Amino acid sequence: MGRVSAKVRPPAVAGQFYTRHPERLHDQVQKFMAAAPPYAGSRPKAVIAPHAGYVYSGAVAGIAFAAAQNASPKPSRVVVLGPAHYVPFRGIAAPRSDAFETPLGRVPLDTAALSGLGDLPYVSVDDAPHAPEHAIEVELPFLQVLLQDFVLVPLVVGDAKPEEVGEVLARLWGEDDSLIVISSDLSHYHAYATAQRLDAATAAAIEKAQWADLGAQDACGYLPIAGLLREATQRNLTAQRLALRNSGDTAGDRARVVGYGAWAFG
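Residues numbered from 1 in each chain as written. Predicted model: local features only at pLDDT ≥ 70, side-chain atom pairs only at ≥ 80, totals over all residues. Heavy atoms only, no water.

1. Here's the deal with the environment of P103
So, point 1. Its location among the elements puts P103 in the loop between β5 (99-102) and β6 (105-108).
So, point 2. The class for P103 is buried, based on a relative accessible area of 18%.
So, point 3. Measuring from C-alpha to C-alpha, the distance between P103 and H26 comes to 9.1 Å, with 77 residues separating the pair along the chain.
So, point 4. Those residues within four positions of P103 in sequence are excluded, and the remaining contacts are A14, Y18, T19, R20, P22 and L25. (Helix = DSSP H or I, 4+ residues; strand = E, 2+ residues; numbered from the N terminus. Buried < 20%, exposed > 50% of the residue type's maximum accessible area, 1.4 Å probe, protein only. Contact = heavy atoms within 4.5 Å.)

In structure tokens form, the structure reads like this:
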């Protein structure tokens, strides 16, 4: 028997990380993507995008997602992996939900794809890491404006191995119908010049696919990034840098900044 009613994961950070007003949110996201420089690379299979409040990282996220706006055909499924900021756990967590909601509406989940991960011992079904988590949520309005109609595979990565993340991505890779989004900020709370130096080194590691060199001090989503780098290398995909900035470039002072980067893999 089918489910009687959908279980929806409501937005946790609307009104904090981004506006809760649908029209303003749509316009803001559209402007972020419209302001992105032209993307000259091949059709991206995956992107890395930041996940801070839009006033800080929205412009960089817009650059990441704008790289996929001319893809043909448009992806109909998006796999989003982000780190766990609030609930510590071992492995990778899939939600029990049928849909995730933002002020722009509901995004249905690809429940069959999520169920297909059930035999992996490090993948659990657990709403607790998802409920407060912003890393996936803040990417969704960009995807809703970009694609309008798609299904979502959201996974929160806890204490997992890059090899485990890579195996999950291999199962979910799909064809041109699927886009992979890795949600991550870079260095946290250093002075501006220090952050520039640290983030430049992280960017170089990403672009050289040196996944084993990445650690928690480099990016909060270093494990999802490392898993993507492993799988992308096996598929002969390379990272193209689209943007590298920090909150000192966008909003706030330069005494304690957070780094943001955008990459496309094609």
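Resuming the write-up.
2. So, the packing of helix α2 (residues 54-66) against helix α4 (residues 140-147)
So, point 1. Between α2 and α4, the least distance of the axes is 11 Å, while the angle of their chain directions is 40 degrees. Comparing the axis directions of α2 and α4 gives the class oblique. Read as a crossing pair, α2 and α4 show a hand that is right-handed. Judged by residue contacts, Y54, G58, A61, G62 and F65 of α2 engage P141, F142, L143 and L146 from α4.
So, point 2. Partitioned by chemical class, the residues of the contact of α2 with α4 number seven nonpolar, two polar and no charged. (Axes fitted to C-alpha atoms, helices over the stretch in contact; angles between N-to-C directions. Parallel < 35°, antiparallel > 145°, perpendicular 65-115°, else oblique. Left-handed = near helix turned anticlockwise from the far one by under 90°. Nonpolar A, V, L, I, M, F, W, Y, C, P; charged D, E, K, R; others polar.)

3. Comments concerning the nonpolar core
So, point 1. Counting residues in each nonpolar core, the largest one holds 84 residues, and the members touching the most others are F65, I92, L143, L155, V168, I206 and F265.
So, point 2. Among the elements that make up this core, the one with the highest residue count is α2 (seven residues). (Core = buried A, V, L, I, M, F, W, Y, C linked by side-chain atoms within 4.5 Å.)

4. Brief notes about the packing of helix α5 (residues 162-172) against helix α7 (residues 222-234)
For any two helices packed against each other, the geometry comes down to the angle between their axes and how far apart the axes lie.
So, point 1. Running from N to C, α5 and α7 cross one another at 60 degrees; their axes reach a closest spacing of 7 Å. Classified by the angle their axes make, α5 and α7 are oblique. Both α5 and α7 take part in a crossing whose hand is right-handed. Here P162, E163, V165, G166, L169 and A170 of α5 come into contact with α7, specifically with L223, P224, A226, G227, L228, R230 and E231.
So, point 2. For the contact of α5 with α7, the class distribution of residues is eight nonpolar, two polar and three charged.

5. Focus: α2
So, point 1. Helix length check: α2 (13 residues) gives 15 Å between terminal C-alpha atoms against 18 Å at 1.5 Å per residue, more than 12% under.
So, point 2. The axis of α2 is deflected most strongly, by about 25 degrees, at V60.
So, point 3. Burial within α2 is extensive, with 10 of its 13 residues counted as buried.
So, point 4. Those residues of α2 that fall on the buried side of the exposure criterion are Y54, S57, G58, V60, A61, G62, I63, A64, F65 and A66.
So, point 5. Buried residues along α2 sit against α1 (22-34), β2 (46-49), α4, β9 (178-183), β11 (239-246) and β12 (257-265). (Expected span 1.5 Å × (residues − 1). Bend = angle between axes of the 7 residues up to and from the residue.)

6. A look at the environment of T250
So, point 1. Along the polypeptide, T250 turns up in helix α8 (residues 247-250).
So, point 2. Distance from T250 to G58, taken between C-alpha atoms, is 9.1 Å for residues 192 residues apart in sequence.
So, point 3. Residue contacts for T250: discarding those within four places in its chain leaves V55, Y56 and Y260.
So, point 4. Among the polar contacts made by the side chain of T250, one reaches the main-chain carbonyl oxygen of Y56 at a distance of 2.8 Å. (Polar contact = N/O pair within 3.5 Å; in protein donor to acceptor, adjacent residues only side chain to side chain.)

7. Some words on the pattern of salt bridges
So, point 1. Taken as a whole and judged by the stated rule, the model has 10 salt bridges.
So, point 2. Across the pair E137 and R9 runs a salt bridge whose closest N-O atoms are separated by 2.7 Å. Here the residue E137 occupies a position in the loop between β7 (123-125) and α4, and R9 occupies one in strand β1 (residues 8-9), the gap between them amounting to 128 residues.
So, point 3. Assessed through its relative accessible area of 6%, R9 is described here as buried.
So, point 4. Between D110 and R77 there is a salt bridge whose closest N-O contact spans 3.6 Å. Of this pair, D110 sits in the loop between β6 and α3 (111-115) while R77 is found in strand β3 (residues 77-83), placing the two residues 33 residues apart along the sequence.
So, point 5. Residue D110 is classed as buried on the basis of its relative accessible area of 17%.
So, point 6. What makes R77 buried here is its relative accessible area of 12%. (Salt bridge = Lys/Arg side-chain N within 4 Å of Asp/Glu carboxyl O.)

8. Some points on the side chain of D218
So, point 1. Position of D218 among the secondary structure elements: in the loop between α6 (192-207) and α7.
So, point 2. An unpaired buried charge is present at D218: no salt bridge exists, and R197, the closest side chain of opposite charge, is 9.1 Å distant.
So, point 3. In terms of polar contacts, D218 uses its side chain to reach the side chain of Q217, at 3.3 Å.
So, point 4. Leave out the neighbours within four places in its chain, and D218 touches L186, S187, T202 and D213. (Lys, Arg positive; Asp, Glu negative; His and termini not counted.)

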